[in-house]
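One letter stands for each residue in the lines below.
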Amino acid sequence: MKAQVESLRTAALGALAELETLKELEEFRVRYLGKKGEVTALLRGMGAVPAEERPAMGQLINQLRSELESALEAKETALSSLQKAAQLKAETLDVTMPGKAQTTGGLHPLNIVLADLIDIFQSMGFDVVDGPEVETDHYCFEALNVPKDHPARDMQDTFYLGENLLLRTQTSAAQIRTMEQRKPPIRIICPGRVFRADEVDATHSPVFHQVEGLVVDKNITMCDLKGVLEQFAHEIYGPDTKVRFRPSFFPFTEPSVEVDVSCSACGGTGCRVCKGNGWIEILGAGMVHPNVLAGCGIDPEVYSGFAFGIGLDRLTTTRYKISDIRLLFENDQRFLEQFNG
Ligand code: PHE
């Protein structure tokens, strides 16, 4: 029996030295030290050993068991650190490799200028409202006092979608929608796209952008209009900018004006941006016509108001010295990238 123990030891330690994986190690544990393992089998065979030899034999087998256990433990430690090292090697990151730059998007120049504009008017107490791009004749023309035979209503100028349905030609439609919904005091701006049947060229596009403004309250005068527009021009173009009103005509304002600002590129002496005349026209405005107020249920004897319509595209092209309005709509990334960074 002693010889049996000895040969088991040799076999087991030999097999252990050969093991390469933790899985094999587990198989080894079952085979030698498990309940049905070979060491246990030796203990079971003790019955055949003469009684006086049993204690010595038992001791020998137990010694073998603990020897194998500690050898197994040592092997386990060695194998798992080998495995960890292999894993670390496989997962190594080369931190010196060049990174992949993430390109980020940015705001369109029209939106940059619009955001500034909204800031300026909000700081003067204006709300921002929205209006539909598909409008009815009523909101775009009729309620704005535009006569039936006015050329703006012509098919040549307006995109009609039906008898009464059209793509709005001006954000002024928002004046009516607002006055129908709110009672004075009213102070709103309404930015948005407008549509006209224009041929495309460097200064015209069938889609462009306006920002409508409307103020209605008691005792509103043209001085208030001028004050608000001057404040706006100074913030957009700088504090030295001059503002000039020229008499004009719009069916829904009386009196009506066209508003120019001194050219920020040349300071008013004349250059390419202002086409040599020192001034740039940026908006139309006027005092809201009494017919328009009355049509919306606001008593023109009690209330007065002013309205303006800013050309956002013009504001953007002059601010950034963009020579062709088409650049704003073509979305060439090489052009757009210049506005962010
Ligand atoms: N709606 C006018 C236009 O498109 C501009 C305007 C707005 C004029 C408000 C007066 C008041 O030309």
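Residues numbered from 1 in each chain as written. Predicted model: local features only at pLDDT ≥ 70, side-chain atom pairs only at ≥ 80, totals over all residues. Heavy atoms only, no water.

**Q** Quick question: what am I supposed to make of the overall build of the protein here?
**A** Counting its regular elements, the protein contains 12 helices and nine strands. By the compact-globule yardstick of 20 Å for 341 residues, the protein is too spread out, its C-alpha radius of gyration being 44 Å. Seen through its principal axes, the protein has C-alpha atoms that stretch 130 × 45 × 40 Å. Relative to its 341 residues, the protein shows a buried fraction of 40%. Across the protein, every contact between residues at least 6 apart in sequence was considered, and the portion connecting residues at least 24 apart equals 66%. Of the roughly 19300 Å² that the protein leaves accessible, carbon and sulfur atoms contribute 52%. Between the centroid of the 35 positive side chains of the protein and the centroid of its 48 negative side chains there is a distance of 8 Å. (Helix = DSSP H or I, 4+ residues; strand = E, 2+ residues; numbered from the N terminus. Rg over C-alpha atoms; globule rule 2.2 N^0.38 Å. Buried < 20%, exposed > 50% of the residue type's maximum accessible area, 1.4 Å probe, protein only. Contact = heavy atoms within 4.5 Å. Areas by Shrake-Rupley, 256 points an atom, 1.4 Å probe, with all protein chains shown as cover. Lys, Arg positive; Asp, Glu negative; His and termini not counted. Charge placed at Lys NZ, Arg CZ, Asp CG, Glu CD.)

**Q** Looking at this model, I keep getting lost on the packing of aromatic side chains. Mind explaining?
**A** Centre distance and the angle of the planes are the two values used to describe a pair of aromatic rings. Tallying each qualifying case throughout the model produces nine aromatic pairs. Consider the rings of Phe-121 and Phe-126, whose centres lie 5.1 Å apart with planes at 75 degrees: the pair is edge-to-face. Owing to a relative accessible area of 0%, Phe-121 belongs among the buried residues under this scheme. Joined through ring pairs, the aromatic side chains of Phe-121, Phe-126, Phe-232, Phe-306 and Phe-308 make up one cluster. Sitting over the ring of Tyr-139, Arg-177 keeps its end group 3.9 Å from the ring centre. (Phe/Tyr/Trp six-rings, centres within 6.5 Å; stacked < 30°, edge-to-face > 60°. Lys NZ or Arg CZ within 6 Å of the ring centre and 35° of its normal.)

**Q** I would appreciate a short explanation of the site of the ligand in the present structure.
**A** Near the ligand, the surroundings consist of 14 residues, among which Gln-170, Ser-172, Arg-196, Gln-210 and Glu-212 are the closest. For the ligand, a nitrogen atom lies 2.8 Å from a polar atom in the side chain of Gln-170. Within the contact set of the ligand, an oxygen atom lies 2.9 Å away from a side-chain nitrogen or oxygen of Arg-196. Against a free-state accessible area of 320 Å², the protein chains account for coverage of 90% of the ligand. Elements with a minimum of two residues in the shell around the ligand: strand 5 (207-217), strand 8 (279-288) and strand 9 (304-311). With three residues, the top contributor of residues to the shell around the ligand is strand 9. Its residues assigned to classes, the shell around the ligand comprises five nonpolar, seven polar and two charged. (Near = heavy atom within 4 Å. Polar contact = N/O pair within 3.5 Å; in protein donor to acceptor, adjacent residues only side chain to side chain. Nonpolar A, V, L, I, M, F, W, Y, C, P; charged D, E, K, R; others polar.)

**Q** So what exactly am I meant to see when it comes to the environment of Val-200 here?
**A** Tracing the chain through its elements places Val-200 in the loop between strand 4 (186-195) and strand 5. The partly exposed category is assigned to Val-200, whose relative accessible area is 46%. The spacing of Val-200 and Phe-141 is 59 residues in sequence and 24 Å in space, taken between C-alpha atoms. Dropping the residues within four chain positions of it, Val-200 is found in contact with Pro-206 and Arg-326.

**Q** In this structure, what is going on with the pairing of strand 4? I would like to understand it.
**A** On a regular strand, each side chain points to the face opposite its neighbour's, so the side chains alternate between the two faces of the sheet. When you tally the buried positions in strand 4, you get eight out of 10 residues, the bulk of the element. Looking at chain direction, strand 1 (residues 127-128) and strand 4 are connected through two bridges and run parallel. When the sheet's bridge partners are listed, Val-128 is paired in strand 4 with Ile-189. Two elements, strand 4 and strand 5, share 10 bridges in a ladder whose sense is antiparallel. Paired with Pro-191 across the bridge in strand 5 is Val-211. (Pairing = 2+ DSSP bridges.)

**Q** I'm lost on the pattern of salt bridges in this one. Help?
**A** As a working rule, side chains carrying opposite charge can pair if their charged atoms are close by. Per the counting criterion, the structure on display carries 20 salt bridges. Notably, a salt bridge pairs Asp-324 with Arg-326, separated by 2.9 Å at the nearest N-O pair. For Arg-326, a relative accessible area of 32% corresponds to the partly exposed category. Here the salt bridges share partners, and the residues they tie into one network are Arg-244, Arg-246, Glu-258, Asp-260 and Glu-281. (Salt bridge = Lys/Arg side-chain N within 4 Å of Asp/Glu carboxyl O.)

**Q** Just checking my understanding: could you explain the side chain of Gln-175 for this structure?
**A** Relative to the helices and strands, Gln-175 resides in helix 7 (residues 173-181). Aside from chain neighbours lying at most four places away, what touches Gln-175 is Leu-144, Glu-212, Leu-214, Phe-252 and Ala-307.

**Q** Would you explain the sheet that holds strand 6 (residues 243-250) in this entry?
**A** Within a beta sheet, neighbouring strands are joined by backbone hydrogen bonds and run either parallel or antiparallel to one another. The strand order across the open sheet formed by seven strands is 1-4-5-9-8-7-6, and the pairing between neighbours is mixed. Either end of the sheet is taken by a strand with one partner, and the two such strands are strand 1 and strand 6. Packing of helix 8 (residues 222-237) onto the sheet brings it into contact with strand 6, strand 7 (253-262), strand 8 and strand 9, and relative to strand 8 it is tilted by some 150 degrees. (Axes fitted to C-alpha atoms, helices over the stretch in contact; angles between N-to-C directions.)

**Q** Just checking my understanding: could you explain helix 4 (residues 54-90) for this structure?
**A** One turn of an α-helix holds 3.6 residues; hence residues three or four places apart share an orientation. In this model, helix 4 (37 residues) spans 53 Å end to end at C-alpha, consistent with the 54 Å of a helix rising 1.5 Å per residue. Taken together, the buried residues of helix 4 touch helix 1 (2-18), helix 2 (22-33) and helix 3 (38-44). (Expected span 1.5 Å × (residues − 1).)

**Q** Explain the packing of helix 1 against helix 2 to me, please; I cannot follow it from the model alone.
**A** Viewed as axis vectors pointing N to C, helix 1 and helix 2 meet at an angle of 170 degrees, and their least axial separation amounts to 11 Å. As the angle between them shows, helix 1 and helix 2 are arranged roughly antiparallel. Between helix 1 and helix 2, the contacting residues are Leu-8, Ala-11, Ala-12, Ala-15 and Leu-16 on the first element and Leu-25, Phe-28 and Tyr-32 on the second. Among the residues making up the contact of helix 1 with helix 2, the classes are represented as eight nonpolar, no polar and no charged. (Parallel < 35°, antiparallel > 145°, perpendicular 65-115°, else oblique.)

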